[in-house]
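Working through the structure, step by step
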Amino acid sequence: MTDISDAPLSESSGIERLFVTVGTDYHRFDRMVWWLDEWMATKPDVQGAIVQRGTSAKSEHVESVDYLQRTQLVEEFQQATVVVCHGGPATILECRSNGIVPIVVPREEKYDEHVNDHQVDFCERLAAHGEIQMARTKDEFFRLLNLAVERGAPEVAVDDGHAAVSLIKFEDQMVELLGPRAETRSKELADVVPIRSDVQKIPVLFIGSVPRSGSTILSDLLNENPHMVNIGELVHLWERGVIENNLCGCGQSFSDCVFWGKVGEIAFGGWQHISGERMHTLQMRADRTRHIPRLLVPNISRYMATSTVQYGAVVSRILRAILEVSGKTVIVDTSKHVSTALLLRQLPDIDLRVLHLVRDPRGVANSWSKVIDRPEVQGENRAMDTLHPGRIGLRWLWFNFAFANMDRLGVPTTTIRYEDFVANPAETLDQIFEFAGVEPTGDELFGDEPLMLGEGHSVSGNPRRLDRKPVELRVDEKWRSDLDPKMRSLVSRVTGPMLDRYHYSKDV
Ligand SMILES: [Zn+2]
C-alpha cells in the first residue's frame, strides 16, 4: 500500500485537503481521473491530494492508491475538506455523514462506467436538493473545483441537524428509486437459477437491526422454540468461523464444534474442501453495503448476477445442511446487515422473512461507546468496535429506513421494539413465532424458575451469547445516566425525524 501523505494542500488553495474516490466497481472510471489530471495540470501549486482509483487509470498528477482499508477510508473522509467522488450512494452517504457536500461525477452507461444510469438518476435528485454538487461535463467539473479553490469547501456541520434532514431527503430519493411495491421477488435471478419445484424452500427468519439492539438475547430465546435454530451472524461465518476459528456459541472453537462440523460435512464433504479466504472474497463481491444499489436495481449486471449466483449457491447449501443437522424447520440468522437481507431475498430457494428489531438510538449509541472484549477470539485480546454517537445516529436512520421498506420489495417483515420485547417477552416471542410460522411457546419459557438457555451454535455475534447465566430481562436504560448529555442530544437530533415512528421521545 502506498504511503498516504498528510501534507495539506498549499496555502494559496482554498482546498485544505482533497480526497478523490472513483469507487471500487469493476467498471473503470478513467474519465474522472483524466479530468482530474487535466485540472491538476493547470494548478501546479496544488499538492497533497489523494485518489482511491480502484480499477481505473492511475493519476499522473495526484498520488493514487488502488484501495483503502475501511479505517483509512473513514479517516480520509474525516480529514478531507473537499471530496470528489463517483455517484455511489454509499460513498455519498459517507460524505454527508461527515458534513461534506461532495463534487460528484456520476458513472454513465454510455461510457461503459456502469451497468445502467442509476447513478445519474440518483445524483440528479440529490443535486436538486443541494445534497451534492454534480458535474456531468468537464467544464462543469472544472468550474466546481475552481469554486472550491476560490471559496473553500461548502460549510456544513455534522451536528447542526442538517445531516438528519439530508437523511430524510436521502430516504425520499431511495423510496423513489425503489419504485412501486413489488409483488414477487426479483425475476431476473430466477431466470439464471431455475427454482426447483421438487425442493422445499428453506425458511429463514432474518433479524435486521442496527447491531447492539438486543438481537443476541432475542435470538437465544428464539432458539428455545423446538422448531427454530439460531445460527448467529452467518455473515461472519468465513472470516470469524472458518478462517479465524473463533468460539461458537456452544463454547467450542468453530473447528471443534460438532454441529458446524456436521454442517460442513453435509454441505461440502467437510470444511477442508472449501477455502474460507476464497469464499470470503466471493462474499465481498456479492454481499456488501456498496452493492445495495445493484441488489436493488432491476437490471443486475452479469458480474453481479454471477457473484450472487455463485455465493448464493454456497449459502443455500449451508442453510440446507443446517436444517438437516438441527432437525428444525426455521433458521434464525442474526446477520443484521441490509445487504445480506437483500442477497437472501435474491435466492430462489430461500423463504425469507425479516424481523426488524428497533431499539432506542440513545441506548444503541451508549452500547457502541463502550469497550467490550471479544473472548471468542482465541489467542489474542480483541474488543468489539466502538463508534461515535453521531455516526450511530446516522446508521440508526439508515438501517431502520432500509428495513422499514423491506416489505416494498416483497419480503414479509414484522417490526419489534426491543423495549416492548423486554417488557413483555412471552407475548412478543409468540408474535414472532406466529410470524415465522411455528408453534408459539412463549408462555412455556417464563415460569417461576429462572430460565437457563439450552445449548446454541451461533457462529458469531455479541460475546454475551457465550454467557452461561440465567436469563435476566430488564429494560436497559443505563444510557440515560451513562451517555454524555451532549452526545444524547446529538443522537436525538440526528435520529429526530424517525423517533416518532417508533414512539421514542425526542426530549431525554
Ligand atoms: Zn457449536
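Our structure's up above, just so we're on the same page.
Everything in this summary refers to the structure shown in the same document. (Residues numbered from 1 in each chain as written. Predicted model: local features only at pLDDT ≥ 70, side-chain atom pairs only at ≥ 80, totals over all residues. Heavy atoms only, no water.)

1. Remarks on the overall build of the protein
- Summing up its helical and strand segments, the protein has 21 helices and 11 strands in all.
- Across the 508 residues of the protein, 57% fall into the buried class.
- Considering only intrachain contacts with a sequence separation of at least 6, the fraction spanning at least 24 residues in the protein is 75%.
- Accessible surface computed for the protein: about 22,300 Å², of which carbon and sulfur atoms make up 47%. (Helix = DSSP H or I, 4+ residues; strand = E, 2+ residues; numbered from the N terminus. Buried < 20%, exposed > 50% of the residue type's maximum accessible area, 1.4 Å probe, protein only. Contact = heavy atoms within 4.5 Å. Areas by Shrake-Rupley, 256 points an atom, 1.4 Å probe, with all protein chains shown as cover.)

2. As for the coordination of the zinc ion
- Taken together, the protein donors to the zinc ion comprise Cys248 (SG), Cys250 (SG), Cys257 (SG) and His457 (ND1), at separations of 2.1 to 2.4 Å.
- Given four donor atoms and angles of 98 to 118° at the metal, the environment of the zinc ion is assigned as tetrahedral.
- In the primary sequence, the donor residues of the zinc ion line up as C-x1-C-x6-C-x199-H. With Cys248 in the loop between α9 (237-243) and α10 (258-268) and His457 in the loop between α19 (442-445) and α20 (479-482), this pair connects stretches of sequence that are 209 residues apart. Assigned by exposure class, Cys248 and His457 land together as buried. (Donors = N, O, S within 2.8 Å, 3.2 Å for Na, K, Ca; no water. Tetrahedral: all angles 85-135°; square planar, octahedral: opposite > 155°, others 65-115°.)

3. What about the sheet that holds strand β8 (residues 228-230)?
- Spatially, the five strands line up as an open sheet ordered β8-β9-β7-β10-β11, and their pairing is parallel. Either end of the sheet is taken by a strand with one partner, and the two such strands are β8 and β11 (413-417). On average, each strand axis in the sheet is tilted by 25° relative to the strand beside it, whichever way the strands run.
- As judged from the three bridges shared by β8 and strand β9 (residues 330-336), these two strands associate in the parallel manner. Paired with Asn230 across the two strands is Val332, which belongs to β9.
- Set on the sheet, helix α16 (residues 389-404) makes contact with β7 (202-208), β9, β10 (350-358) and β11; between it and β10 the angle comes to about 140°. (Pairing = 2+ DSSP bridges. Axes fitted to C-alpha atoms, helices over the stretch in contact; angles between N-to-C directions.)

4. Brief notes about the sheet that holds strand β4 (residues 82-86)
- Strand order in this open sheet of six strands is β3-β2-β1-β4-β5-β6, and the pairing throughout is parallel. Each edge of the open sheet is held by one strand with a lone partner, namely β3 (63-65) and β6 (133-134).
- Of the pairings in the sheet, the one linking β4 to strand β5 (residues 103-105) comprises three bridges and is parallel in character. Opposite Cys85, over in β5, you have Val104 as the bridge partner.
- Each of β4, β5 and β6 is contacted by helix α5 (residues 138-151), which is oriented at about 165° to β5, the strand it contacts most.

5. Some thoughts on helix α1 (residues 30-41)
- Here α1 contains 12 residues, and its C-alpha end-to-end distance of 16 Å stays within 8% of the 16 Å for a straight helix at 1.5 Å per residue.
- Most of α1 is tucked away: nine of the 12 residues are buried.
- Taken residue by residue, α1 has Asp30, Arg31, Met32, Val33, Trp35, Leu36, Asp37, Trp39 and Met40 as its buried positions. (Expected span 1.5 Å × (residues − 1).)

6. Section: the packing of helix α2 (residues 70-79) against helix α3 (residues 89-97)
- Remark: α2 packs on α3, axes separated minimally by 9 Å, with the N-to-C direction vectors making an angle of 50°. One way to sum up the angle between α2 and α3 is to call them oblique. Handedness of the crossing formed by α2 with α3: right-handed. Only Thr91, Glu94 and Cys95 of α3 make contact with α2, whose side of the interface consists of Arg70, Val74 and Phe77.
- Classifying every residue of the contact of α2 with α3 by side-chain character gives three nonpolar, one polar and two charged. (Parallel < 35°, antiparallel > 145°, perpendicular 65-115°, else oblique. Left-handed = near helix turned anticlockwise from the far one by under 90°. Nonpolar A, V, L, I, M, F, W, Y, C, P; charged D, E, K, R; others polar.)

7. Quick look at the packing of aromatic side chains
- Counting across every chain of the model gives 13 aromatic pairs.
- When the ring of Phe254 is compared with that of Trp260, the centres are 5.8 Å apart and the planes differ by 35°; the resulting orientation is tilted.
- A residue is classified by how much of its surface remains accessible, and Phe254, at 5% relative accessible area, is buried.
- Ring centres of Phe268 and Trp271 lie 5.6 Å apart, and the angle between their planes is 55°; on these two criteria the pair is classed as tilted. We note that Phe268, like Trp271, is buried.
- Here a set of aromatic residues connected by ring pairs shows up, and it is made of Trp238, Phe254, Phe259, Trp260, Phe268 and Trp271. (Phe/Tyr/Trp six-rings, centres within 6.5 Å; stacked < 30°, edge-to-face > 60°.)

8. Structural notes on the state of the cysteines
- Applying the stated criterion across every chain, the model contains zero disulfides.
- Here Cys85 stays free of any disulfide, with the sulfur of Cys95 as its closest cysteine sulfur at 4.5 Å.
- On the basis of relative accessible area, Cys85 is assigned to the buried category, the value being 0%. (Disulfide = S-S within 2.5 Å.)

9. Quick notes on the nonpolar core
- Judged by nonpolar contacts, the single largest core of 70 residues is most densely connected at Trp238, Trp260, Trp271, Ile318, Leu319, Ile322 and Trp396.
- A total of nine residues in this core trace back to one element, the largest contributor, which is α16.
- Other than its neighbours up to four places away in sequence, Trp260 contacts Ile231, Leu234, Leu237, Cys248, Phe254, Trp271, Ile318, Ile322, His457 and Val459.
- Judged by nonpolar contacts, the second largest core, of 25 residues, contains Ile15, Val20, Val62 and Val84. (Core = buried A, V, L, I, M, F, W, Y, C linked by side-chain atoms within 4.5 Å.)

10. Observations concerning unusual backbone geometry
- With a phi angle near 60°, Asp112 is a residue other than glycine that sits in the positive phi range.
- If you trace the backbone, Asp112 turns up in the loop between β5 and α4 (118-128).
- Accessibility expressed as a relative area gives 52% for Asp112, which makes it exposed.
- One non-glycine residue, Arg212, lies in the positive phi region at around 70°.
- Among the secondary structure elements, Arg212 is positioned in the loop between β7 and α8 (215-222).

11. What about the environment of Val422?
- Inspection of the secondary structure puts Val422 in helix α17 (residues 418-423).
- Spatially, the C-alpha atoms of Val422 and Ile217 are 9.8 Å apart, while their sequence positions differ by 205 residues.
- Ignoring any residue separated from it by four or fewer positions in sequence, one finds Val422 in contact with Leu473, Arg474 and Val475.

12. As for the environment of Met32
- Relative to the helices and strands, Met32 is located in helix α1.
- C-alpha separation for the pair Met32 and Ser56, spaced 24 residues apart in sequence, amounts to 9.0 Å.
- Not counting the four nearest positions on each side in its chain, Met32 is found in contact with Val20, Thr21, Val22, Val84, Cys85, His86 and Val105.

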